[in-house]
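Tertiary structure, described
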Amino acid sequence: MTAAITLRNSDNRVKPNGRVEGVVSWDPARAPAWLELRLVWHTEGKGTREVMVVGRVPLTDVRVANQRTFSFTLPAMPYTYHGRILSIMWSVDLFGPSRRLLQREEQLATQPIVVSPTLQPFGDRRE
Amino acid sequence: MGPSGLDSGSIIHRVQDDGRTKLRRGSGKSTGPASCASFGGTVLIVVSAVAVLGALNVNPLAGFVVLAVTLVFAAKSMSALTELLWGAGPGVSVSRHPVPAGERFNVRCTFSRPRNVQELKVVWQGREEAILRGYDDTTFAEPFLRQELVDAIRGDVSIEIPRDAMPSFSGKHARIIWSISVETTGGGISMQADFPIIVLPGRS
């Protein structure tokens, strides 16, 4: 299935406590039984990957409609961070049922965002 | 810890009569005879407990619980004993806590057993910690800022947290930690004590 997430803020940079707004669109003819949009931060680098779902919007009537607007409110923390052994990344993800046997769901689309009071990532590897 | 992972100072710190906040000690480590004595003492206590439980013919489940409690108690008490014998008893107090990024605070170090200090290093540091969970957890730590506080022994030292500093963060497997680290060496023994400081998001 093809799906796309488009943010209202085209540079994908948002301040903490701000709002992430946009439109998610999909092909209703090939839509699965359910879709869910999530505001998520996750860690990358050394150590066990950590994923925190901060907000969820279950999408209904996905075989009738072909798009939907959404709005999430960000928390104060954490900021987007690119450090030496650790990164913290934010994104808006679209999930649906997985076609694989032992997997319940899979990511169908993602839109990375930068969450920072300066609108720039924090950390040593911020460039 | 909520979804934000914002470390807002959930640890209760003691505010002294002079308005300063005495920081709670976080992690610590020792090398040389101190760590050998600590490990050896713990092993000796646990082996003794096994022998006593064996002689008393205790139920295996009850024996396991007693051994686990003994192990924790022995490790803590031996660590405290070696710290008392060889440690300098460092303490750190700050003029304000927690501190927002971009603002200034004062640090003062005290030692309850200064005779045990031959070499001393007080370091203001920020570090990343990533924990690899498994049968045995492995913690990776990488400092991104390390600044030696040369005058911390003589009196107050002023520290300004950079405006673009990443605030303290505490996730399940990842942390951003700011701390005052006190490293002492004396009689061939090195001991290190860490005093975490909560750095809040800067005021806009």
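First things first, this report covers the structure right here in the doc. (Residues numbered from 1 in each chain as written. Chains lettered and ligands numbered in written order. Predicted model: local features only at pLDDT ≥ 70, side-chain atom pairs only at ≥ 80, totals over all residues. Heavy atoms only, no water.)

Time to look at the overall build of chain B. A count of helical and extended segments in chain B gives two helices and 13 strands. Look at the contacts in chain B between residues 6 or more apart in sequence, and 68% of them connect residues 24 or more apart. As displayed, chain B has an accessible area near 11,100 Å², and 58% of this comes from carbon and sulfur atoms. (Helix = DSSP H or I, 4+ residues; strand = E, 2+ residues; numbered from the N terminus. Contact = heavy atoms within 4.5 Å. Areas by Shrake-Rupley, 256 points an atom, 1.4 Å probe, with all protein chains shown as cover.)

With that out of the way, let us pick up a nonpolar patch on the surface. All names here are of chain B. The grouping of Leu61, Phe64, Val65 and Val69 at the surface amounts to a nonpolar patch, some 440 Å² of accessible area in total. By the element assignment, Leu61 lies in helix H2 (residues 60-86). Its relative accessible area of 63% is what places Leu61 among the exposed residues. (Patch = residues over 30% accessible without salt bridge, like charges linked within 9 Å, V, L, I, M, F, W, Y side chains within 5 Å. Salt bridge = Lys/Arg side-chain N within 4 Å of Asp/Glu carboxyl O. Buried < 20%, exposed > 50% of the residue type's maximum accessible area, 1.4 Å probe, protein only.)

Our next topic: the side chain of Ser98 of chain A. All names here are of chain A. Its place among the elements puts Ser98 in the loop between strand E8 (86-97) and strand E9 (105-115). Within the structure, the side chain of Ser98 is placed 3.0 Å from the backbone nitrogen of Arg100, a separation counted as a polar contact. Apart from residues no more than four positions distant in its own chain, Ser98 is found in contact with Gln103, Arg104, Glu105 and Glu106. (Polar contact = N/O pair within 3.5 Å; in protein donor to acceptor, adjacent residues only side chain to side chain.)

Once that is clear, we can look at unusual backbone geometry. Going from Met77 of chain A to Pro78 of chain A, the amide bond is cis rather than trans, its omega being -5°. Omega for the peptide link from His97 of chain B to Pro98 of chain B comes to -5°, which places this bond in the cis form. One can find Pro98 of chain B in the loop between strand E4 (90-94) and strand E5 (99-100). With phi around 60°, Asn12 of chain A is a residue other than glycine that occupies positive phi space. Assignment of secondary structure puts Asn12 of chain A in the loop between strand E1 (3-7) and strand E2 (13-14). A relative accessible area of 15% means that Asn12 of chain A is categorised as buried.

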